[in-house]
Amino acid sequence: PMPDELREQVQPILDAIAAMGLPLLRVVGVEADDVVGTLCRKALDKGQRVLVSTGDKDMAQLVVDGVTLVNTMTDTIMDRDAVKAKFDVWPEQIIDYLALVGDSSDNIPGVPKVGPKTASKGLNQYETADGIVEKGEEIKGKVGESLRDNVDSLRLSKELATIKCDVDLDVGVDELT
């Protein structure tokens, strides 16, 4: 559930957006990340370049040729190479990376005993979380044991980490300014 401190901030933010006359797109029952992901894909399909302003690491999965992330808080820009440099995995591996390490801000449990270095090492060796699970017997020690014992949690984490890019929207990218 949404923390109370965040819940208290929602309505004042919505009121401020309305007062400034800014457009607001909200889809009931859909996470904002999924709306952003869908708009990215729609814009790419139209040949447009996309710049997403965010500090959320799960958005790195959206980075492809034509989609770049900018974090205005840290003044950083993330293209494919920057994602690889930051996480030591490619954007198409970010879902598996987050499924392995977890992300408390998005309630993704991850796999106990698997941190960023272990996740990136495994993904660089086996390419995907499924590849890691397939070769689970080769992974020794507490990490291997934890991976074998938490396959269901890993699958759930992967589902939770995946940004949907096919949400039905009432507006298209041409209607947004």
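Nothing here was measured: the structure is a model prediction, and the numbers come from that model. By convention here, each chain's residues receive numbers from 1 onward along its written sequence. Since the coordinates come from a predicted model, pLDDT governs what is reported: local features require at least 70, and pairs of side-chain atoms require 80 or more to be given and counted, while whole-chain, interface and lining totals use all residues. Based on all heavy atoms of the structure, the side-chain values leave hydrogens and waters out of the count.

## Let's talk about the packing of aromatic side chains
Pairing of aromatic side chains here covers Phe, Tyr and the six-membered ring of Trp, requires ring centres within 6.5 Å, and sorts the geometry by plane angle: under 30 degrees stacked, over 60 edge-to-face, intermediate tilted. Applying the stated rule across the entire model yields one aromatic pair. Here Phe-87 and Tyr-97 contribute two aromatic rings whose centre-to-centre distance is 5.5 Å and whose plane-to-plane angle is 65 degrees, an arrangement assigned as edge-to-face. A residue pair is termed long-range when its members are at least 10 positions apart, and Phe-87 in helix α3 (residues 80-87) and Tyr-97 in helix α4 (residues 94-101) qualify at ten residues. Here Phe-87 and Tyr-97 have matching classes, each one buried. For the purposes of this entry, the term helix denotes a DSSP run of H or I that reaches at least four residues, the term strand denotes a run of E that reaches at least two, and both are numbered from the N terminus. Type-normalised accessible area, obtained with a 1.4 Å probe on protein chains alone, sets the label of each residue: buried when under 20%, exposed when over 50%, and partly exposed for intermediate values.

## As for the pattern of salt bridges
By definition, a salt bridge exists where a carboxyl oxygen of Asp or Glu is found within 4 Å of a side-chain nitrogen of Lys or Arg. According to the stated counting rule, one finds eight salt bridges in the structure shown. Between Glu-92 and Arg-80 there is a salt bridge whose closest N-O contact spans 2.7 Å. Taken as a pair, Glu-92 in the loop between α3 and α4 and Arg-80 in helix α3 lie far apart in primary sequence, twelve residues in all. A relative accessible area of 52% means that Glu-92 is categorised as exposed. In this structure, the salt-bridge partner of Arg-148 is Glu-137, at a minimum N-O distance of 3.9 Å. Remark: Glu-137 occurs in the loop between α6 (129-134) and α7 (141-149) and Arg-148 occurs in helix α7; sequence separation between them is eleven residues. Looking at Glu-137, the relative accessible area reads 60%, which means it is exposed. By sharing partners, the salt bridges in this structure join Asp-96, Asp-130 and Lys-158 into a single network.

## With respect to the environment of Leu-22
Here Leu-22 is to be found in the loop between α1 (4-20) and α2 (32-45). Along the chain, Leu-22 and Thr-177 lie 155 residues apart, while their C-alpha atoms are 9.4 Å from each other.

## Details of the nonpolar core
Formed by 38 residues in total, the largest nonpolar core has its most connected members in Phe-87 and Leu-100. Of all elements in the fold, only α2, β1 (50-53), β2 (67-71), α3, α4, α5 (116-126), α6 and α8 (151-161) reach the threshold of two or more residues within this core. With six residues, α4 is the largest single contributor of residues to this core. Setting aside anything within four residues of it in sequence, one finds Leu-100 in contact with Gly-110, Val-111, Val-114, Ala-119, Leu-123, Ile-132, Leu-147 and Leu-154. What is meant by a nonpolar core is a set of buried Ala, Val, Leu, Ile, Met, Phe, Trp, Tyr and Cys residues, joined one to another through side-chain atoms within 4.5 Å. Contacts: residue pairs with any heavy atoms within 4.5 Å of one another.

## Describing the pairing of β1
Of the two faces of β1, only the one carrying Val-50 and Val-52 is buried; Leu-51 and Ser-53 on the other face are not. For two strands to pair, DSSP has to find at least two bridges joining them. Relative to β2, β1 runs parallel, the two being bridged by four bridges. When the bridges of β2 are listed, Val-50 appears paired with Val-67.

## Observations concerning the sheet that holds β1
Here three strands make up an open sheet; going across it, the order is β1-β2-β3 and the pairing mixed. Bordering the open sheet on either side are β1 and β3 (76-78), each of which pairs with just one other strand. The sheet shows a mean angle of 25 degrees between the axes of neighbouring strands, direction not considered. Pairing geometry for β2 and β3, over three bridges, is antiparallel. For Asn-71, the partnering residue across the bridge sits in β3 and is Thr-76. Axes here refer to lines fitted to C-alpha atoms; in helices the fit is confined to the stretch in contact. Angles between the N-to-C directions go from 0 to 180 degrees.

## Considering the pairing of β2
For β2, the buried fraction is high: five of the five residues fall into the buried class. Judged by which residues are buried, β2 turns out to be covered on both faces: Val-67, Leu-69 and Asn-71 on one side and Thr-68 and Val-70 on the other are all buried.

## Comments concerning unusual backbone geometry
Not every positive phi belongs to a glycine, and Lys-113 is a case in point at roughly 75 degrees. Within the fold, Lys-113 resides in the loop between α4 and α5. Phi at Glu-127 is positive, roughly 75 degrees, even though this residue is not glycine. Inspection of the secondary structure puts Glu-127 in the loop between α5 and α6.

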